[in-house]
Amino acid sequence: MSGFFDDETSDGPRRPAAAPPARSRALIGTLAVLVAMFFLVSVYTGVWTDKLWFSSVGYPGVFTKVLGTRVMLFLVFGVAMAVVVAANIVLAYRFRPLFRPTSAEQASLDRYREVVDPLRRWLLVGVAVVLGLFAGSSGSGEWRQFLLWRHQQSFGTKDAFFHKDVGFYVFELPWLHYLVNVGMAITVLSLLAAAAVHYLFGGIRLQAKHDKFSGAAQVQVSVLLGAFVLFKAVDYYLDRFDLNTGSGYVTGMGFTDQHAVLPSKNILMFIALICALLFFANVLRRTWLLPSVGLALLALSSILLGVIWPGFVQEFQVHPSEPDKEGPYIAKNIAATRSAYDIAGTKVTPYDATQTLSKSQLLADAQSIPGIRLLDPSLADDAFTQLQQVKAYYSVAPVLDVDRYMIDGRERDIVIAAREMDLSGLPDGQRNWANEHTVYTHGYGVIAAYGNQRDTNNNLVIANEGKPVWAETDIPPQGDLTNMFPPHGYQPRIYFGEESPDYSIVGKAAGGPDVELDTPEGQGSRPSLNTYQGKAGVPIGGLFHQLLYAIKFSDPTIALSSRVNANSQILYDRQPRVRVQKVAPWLTVDSDAYPAVVGGHVVWILDGYTTTDKYPNSEKRSLSEMTSDSLNPSTSYATLPSDQINYMRNSVKAVVDAYTGKVTLYAWDKDPILDAWMQAFPGLVKPQASIPTDLKQHMRYPEDLFKVQREILGAYHVQDPKTFYEGSDKWVVPQDPENHARNQPPYRLSVKTPSGGANPVFSLTSVFVPNKRQNLSAFISVDADASGSDYGTIRILRLPSNTQIPGPSQIANNFGQDEEIQGKLVAFTKANSRAIYGNLLTLPVGDGLLYVQPIYAQRVSGEGRYPALRYVLVSFGDAVGIGTTLDGALNDVLGITSPTPPTTGGTGGTGSGGGGTVPTGVRALLQQATEKFAEAQRRLKAGDLTGYAQATKQAQALVERALAETDKANPKPSPSPSAKPSPSASASPKQG
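Residues numbered from 1 in each chain as written. Predicted model: local features only at pLDDT ≥ 70, side-chain atom pairs only at ≥ 80, totals over all residues. Heavy atoms only, no water.

Participant: Any chance you could explain the overall build of the protein here in plain terms?
Facilitator: When helices and strands are tallied, the protein shows 26 helices and 39 strands. Per-residue burial over the protein gives 53% buried out of 992 residues. When the accessible surface of the protein is summed, it comes to about 43,800 Å², and 57% of that surface belongs to carbon and sulfur atoms. (Helix = DSSP H or I, 4+ residues; strand = E, 2+ residues; numbered from the N terminus. Buried < 20%, exposed > 50% of the residue type's maximum accessible area, 1.4 Å probe, protein only. Areas by Shrake-Rupley, 256 points an atom, 1.4 Å probe, with all protein chains shown as cover.)

Participant: Just to check I follow, could you spell out the pattern of salt bridges for this structure?
Facilitator: Within the structure shown, the criterion is met by 20 salt bridges. Between Arg700 and Asp401 there is a salt bridge, with its nearest N and O atoms 3.5 Å apart. With a gap of 299 residues between them, Arg700 in the loop between α19 (693-696) and α20 (703-716) and Asp401 in strand β5 (residues 401-407) connect regions that are remote in the sequence. On the accessibility criterion, Asp401 (8% relative accessible area) is buried. (Salt bridge = Lys/Arg side-chain N within 4 Å of Asp/Glu carboxyl O.)

Participant: Would you take a moment to explain the nonpolar core for this structure?
Facilitator: Trp586, Leu665, Phe681 and Met699 are the most contacted members of the largest nonpolar core, which has 142 residues in total. Ignoring sequence-local partners within four residues, the contact set of Trp586 consists of Arg144, Thr610, Val652, Leu674, Trp677, Phe681, Leu684 and Val685. Grouped together as the second largest cluster of nonpolar side chains are 34 residues, Leu375, Leu841, Leu843 and Leu890 included. (Core = buried A, V, L, I, M, F, W, Y, C linked by side-chain atoms within 4.5 Å. Contact = heavy atoms within 4.5 Å.)

Participant: I tried to follow unusual backbone geometry on my own but got confused; where do I start?
Facilitator: Among all residues save glycine, negative phi is the norm, and among peptide bonds the norm is trans. Positive phi outside glycine occurs at Asp342, with the angle close to 60 degrees. Considering the arrangement of structural elements, one finds Asp342 in the loop between α10 (322-340) and β3 (347-350). Here Asn617, not a glycine, exhibits a phi torsion of approximately 70 degrees, which is positive. Checked against the element boundaries, Asn617 lands in the loop between β22 (601-612) and β23 (621-622). Overall, the relative accessible area of 3% leaves Asn617 in the buried class.

Participant: Honestly, the sheet that holds β5 in this entry has me stumped. Any pointers?
Facilitator: Picture the strands of a sheet paired through backbone hydrogen bonds; they go either parallel or antiparallel. Across the sheet, five strands lie side by side as β5-β6-β9-β12-β13; this open sheet has antiparallel pairing. Strands with a single pairing partner mark the edges of an open sheet, and in this sheet they are β5 and β13 (478-479). As defined by bridge partners, strand β9 (residues 446-450) adjoins strand β12 (residues 470-473) across two bridges and the pair is classed as antiparallel. Counterpart to Ala449 in the pairing with β12 is Trp470. Contacting β6 (410-418), β9 and β12, helix α12 (residues 381-388) runs over the sheet at an angle of about 50 degrees to β12. (Pairing = 2+ DSSP bridges. Axes fitted to C-alpha atoms, helices over the stretch in contact; angles between N-to-C directions.)

Participant: Can you walk me through the environment of Gln937 in this structure?
Facilitator: With respect to the secondary-structure elements, Gln937 resides in helix α25 (residues 920-941). Setting aside anything within four residues of it in sequence, one finds Gln937 in contact with Arg834 and Tyr948.

Participant: What exactly am I supposed to notice about the sheet that holds strand β19 (residues 569-572) here?
Facilitator: With respect to topology, three strands assemble into an open sheet ordered β15-β19-β18, the strand pairing being antiparallel. Only two strands of the sheet have a single partner each, and these edge strands are β15 (503-506) and β18 (538-539).

Participant: Where do I start with the packing of aromatic side chains in this structure?
Facilitator: Aromatic rings considered in pairs are described by the distance between their centres and by the relative angle of their planes. Under the criterion given, the structure shown has 43 aromatic pairs. Each ring, one from Phe255 and one from Tyr329, has its centre 6.5 Å from the other, and the planes form 85 degrees; the classification is edge-to-face. Taken together, the residues span a long stretch of sequence, with Phe255 in helix α8 (residues 255-285) and Tyr329 in helix α10 at a distance of 74 residues. Taken as a pair, Phe255 and Tyr329 share a single burial class, namely buried. Each residue in the set Phe77, Phe146, Trp149, Trp175 and Tyr178 is aromatic and connected to the rest through ring pairs, giving one cluster. The lysine or arginine in question, Arg94, covers the ring of Phe95, its NZ or CZ lying 5.7 Å from the ring centre. The aromatic ring of Tyr236 is capped on one face by Lys232, whose charged end is 5.0 Å from the ring centroid. (Phe/Tyr/Trp six-rings, centres within 6.5 Å; stacked < 30°, edge-to-face > 60°. Lys NZ or Arg CZ within 6 Å of the ring centre and 35° of its normal.)

Participant: Sorry if this is basic, but what is going on with the environment of Trp668 here?
Facilitator: Here Trp668 lies in the loop between β26 (663-667) and α18 (672-680). Along the chain, Trp668 and Ala654 lie 14 residues apart, while their C-alpha atoms are 9.8 Å from each other. Contact partners of Trp668, with chain neighbours within four places excluded, come to Asn650, Ser651, Val652, Lys653, Gln688, Ile691, Lys696, Met699, Ala786 and Tyr791.

Participant: Where do I start with α10 in this structure?
Facilitator: The periodicity of an α-helix, 3.6 residues per turn, causes residues three or four places apart in sequence to face the same way. Between the first and last C-alpha of α10 there are 25 Å, a value that for 19 residues agrees with the 27 Å anticipated at 1.5 Å per step. At Pro328, α10 is deflected by roughly 40 degrees, the largest bend along its length. Those residues of α10 that fall on the buried side of the exposure criterion are Glu322, Glu326, Gly327, Tyr329, Ile330, Asn333, Ile334, Ala336, Thr337, Arg338 and Ala340. Those residues of α10 that are buried are in contact with α8, α9 (289-318), β25 (647-657), α20 and α21 (721-726). In the stretch just after α10, Asp342 is the one whose phi turns positive, near 60 degrees. (Expected span 1.5 Å × (residues − 1). Bend = angle between axes of the 7 residues up to and from the residue.)

Participant: Would you mind going over a nonpolar patch on the surface with me for this structure?
Facilitator: Taken together, the side chains of Phe39, Leu40, Val43, Val47, Leu67, Val71, Leu75, Val79 and Val83 define a hydrophobic patch exposed on the protein surface, amounting to about 750 Å² of accessible area. Where the nonpolar patch is concerned, the elements lending two or more residues are α1 (22-57) and α2 (60-94). Inspection of the secondary structure puts Leu40 in helix α1. When its relative accessible area of 54% is taken as the criterion, Leu40 is described as exposed. (Patch = residues over 30% accessible without salt bridge, like charges linked within 9 Å, V, L, I, M, F, W, Y side chains within 5 Å.)

Participant: Whenever I open this one, the pairing of β6 confuses me. Can you help?
Facilitator: Side-chain positions along a regular strand alternate between the two faces of the sheet. Burial of β6 is extensive: seven of the nine residues sit out of reach of the surface. In the sheet, β5 pairs with β6 via seven bridges, with the strands oriented antiparallel. Within the sheet, the bridge partner assigned to Val402 lies in β6 and is Val415. As consecutive antiparallel partners, β5 and β6 are separated by two residues, and within that stretch Asp408 has a phi angle of approximately 55 degrees, a positive value. With five bridges joining them, β6 and β9 adopt antiparallel strand pairing. In the strand pairing of β9, Val415 is matched with Ala449.

Participant: Just to check I follow, could you spell out α8 for this structure?
Facilitator: For α8, which comprises 31 residues, the first-to-last C-alpha distance of 44 Å matches the rise-based estimate of 45 Å (1.5 Å per residue) to within 8%. Taking the largest bend as the criterion, α8 deviates by roughly 30 degrees, centred on Val261, and proline Pro263 comes between one and four positions later. Just beyond α8, the residue with positive phi is Arg286, at close to 55 degrees.

Participant: It is not clear to me how the packing of α2 against helix α6 (residues 166-200) should be interpreted in this structure. Could you clarify?
Facilitator: Two quantities define a packed helix pair, namely the angle between the axes and the distance from one axis to the other. The N-to-C vectors of α2 and α6 enclose an angle of 25 degrees; their axes lie 8 Å apart at closest approach. It follows that α2 is roughly parallel to α6 by the angle criterion. Pair α2 / α6 crosses with right-handed handedness. Across the interface between the two elements, Leu73, Phe77, Ala80, Met81, Val84, Val85, Asn88, Ile89, Ala92 and Tyr93 of α2 pack against Trp175, Tyr178, Leu179, Val182, Ala185, Ile186, Leu189, Ser190, Ala193, Ala194, Val197 and His198 of α6. Here the residues of the contact of α2 with α6 are counted per class, giving 19 nonpolar, three polar and no charged. (Parallel < 35°, antiparallel > 145°, perpendicular 65-115°, else oblique. Left-handed = near helix turned anticlockwise from the far one by under 90°. Nonpolar A, V, L, I, M, F, W, Y, C, P; charged D, E, K, R; others polar.)

Participant: Would you take a moment to explain the confidence of the model for the protein for this structure?
Facilitator: Taken as a whole, the protein shows an average pLDDT of 86; of its residues, 88% reach a score of 70 or greater. Predicted confidence for residues 972-989 stays below pLDDT 50, and this span has 19 contacts to residues more than four positions away or in other chains. (pLDDT = per-residue confidence, 0-100.)

If you want it as structure tokens, here you go:
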């Protein structure tokens, strides 16, 4: 019998086929060669430049490990798919019938055989290669799961139902599922290919009355079907364990799963095994009766046992008494979830918050007051840019960061930003290749301001006419941060940052001039120039490397410019988050990289997480939804195969040097997933004990982890299954009062809690409100100082359910409706300005909860505008107050009058007396104006400039009407030189 590669057709010697024209063959060959060369050059460029990049950052082992693993998996799965499918095609052709009975079916197939037979070798190679490429690519993409399986660790905790270590579900089960799926795919494709060949060459005759299958076709099809059903039996076995991570009332095993789905999986597994044996027996018995009956039984059972029976149990057993049936499973879900998200140690303290504040209570908590940050990091970027930008080609992040520094022997909250290079700020006439890639290469220094400012009486005041009080300014740098280092001990240059250019070429020829702009004004008011002295770049002095990067960046100028010399290096992938993700591609990196000045260098600190969605019985949630809020409306995590997670640890603290680009990873949380990766990449992650002390002082609790834990604790602070099922004690994160479409973000504050000791602790804070209501349910904080002994301790102050403490939205409404507050804010609108409400902070003070919100004034239009701090709003219980100092606002809440200073002075406060009364009509007009200004801001953010202009115009018209009504209702009295401010006196608290 002839073979697949013989030069004969099934009917005798092969007839020569008409050859295509020589010109067509040459054209096709040329195009094929060009396509192949383009593909190979692209792949080679990507791989080789990656190798060079990893070598430049000092982690060539990561590149080698990942590439080697991916190539190995590509070859194993690609070759397995190609060989098995090709072998089945060859066998089907090799054992085709030599003689076929005459029939209309076979006559119609003759024309196809005449076409296919001469091309069968090319078709075989083509099918095998294409399927092998797909299988190899799929296998290559599973390198993370393979390495986890290869280096699996024990969690030391077993699941509640199968009593297997959690490591089995995290490391082993996903890989076994993938192997079974690949086996099923190979079997199915082999079956389809073999059946197609048998049918084409007469081994399968569908229109025949008898003997529809030849002996060889029946044997091959029976073996392949048996193998497929055998894989399905293994799949049923593995599916049993997936019930621990399936979805139901809660994630994990439920009553129906254990009493209906699990038994059905066991039964279907044995039926599949029997079916597989029947198919294998069909090799000898040559009858399709028993295999067909077995296959029909499997299909019928999968419907009856897999769908109908569980549905019946759920509807008639579970639903009538769901709390009782699901109670034990909810309890196991609660325990697993609290362990997986590391919230089991949360300290919940009953907090019977009072709604009235006395001076004695305020003095008792006086330590907490200086920790209130009045400078809003989400609003300060314009002030930082306008006042410290220096040149238009520098910029800061839209949301600044909060850190702590020891200055003059005191720990101070600092709002900090890196002054980064922003090429979009260059004038059009300077936007050319040489400037963008060889001159404007780096940012310069940090800009820092104090989170608050105190007067000689330790009162928090509005100083510097509402502008930030700088801790670090100017180029060259000067300020309290720079002064911490000896002369020439501070390196301010930022070559690696969040806004760094895509790539820069640095390094000068031997004896050549510096070309990189260093500072805008050096000696003689001329810009000073600089040459990068670090080793973080990839050398591109040779033509080969220049060509590689010209291809990589699709920019031939790299290979043609005279600016590229023998000492040149190319800097790229410069964003801190990107660098960490490349060096540790198994980490999920926090969305916020924050700058710090450590050891005389600017560094970026990032948090890395290990996550999984395979922790048994732990609740699954969307990571992007849990971490989104009004400041970060959308987040993406490139290394996650799925957005759903049910386990999270802050396993790594990462540091990126802004000058050298060096990436350093430190182990943080004890975590079996991290242990597996450290075994796979030895030496990549350093132990926590090696973290320098001055660096550790700037490490803090990560925001994304806190947001996730906050979201989970909203439901899982409840540990009683019955109460959990009822949902009567569920909490939610309140909406941001200034952005109702998003959750309120957490804030970093120094706060004192009943369970946290006598001194304020640097913390991440937030609040909860009841589901579908807006009064406060709880205050939550986590000790965020990485150098503190209680770092990571989550504390909840739980308010009584019968106490109606206003929540953030209600407080914002009280501020908006208070006549005195609105009367003082009217002045902002006289000169094309508007009031901007800052972050609404909440902290425990005086056995209650104090709300503090800074108020900024900003011009509505015009260049160079930025918000300036003007007032402080305070609320305690139902009382509200306003002042130009926090102390003044607190006095206003207490009903204590004090002299009214100028709003730019910064040492006094405004009391409740001295503002006049705002008529009801004026108040309504101001409320309408506020709504119009808010609408204008929404339209501006949406890019609707026409709508923005119209809403602003309408708001200004409403303000002018309010001013006119105010003048009518409150005519100005004649000034009296003898008028004196009344002495401070106690009064009843002012109600909002």
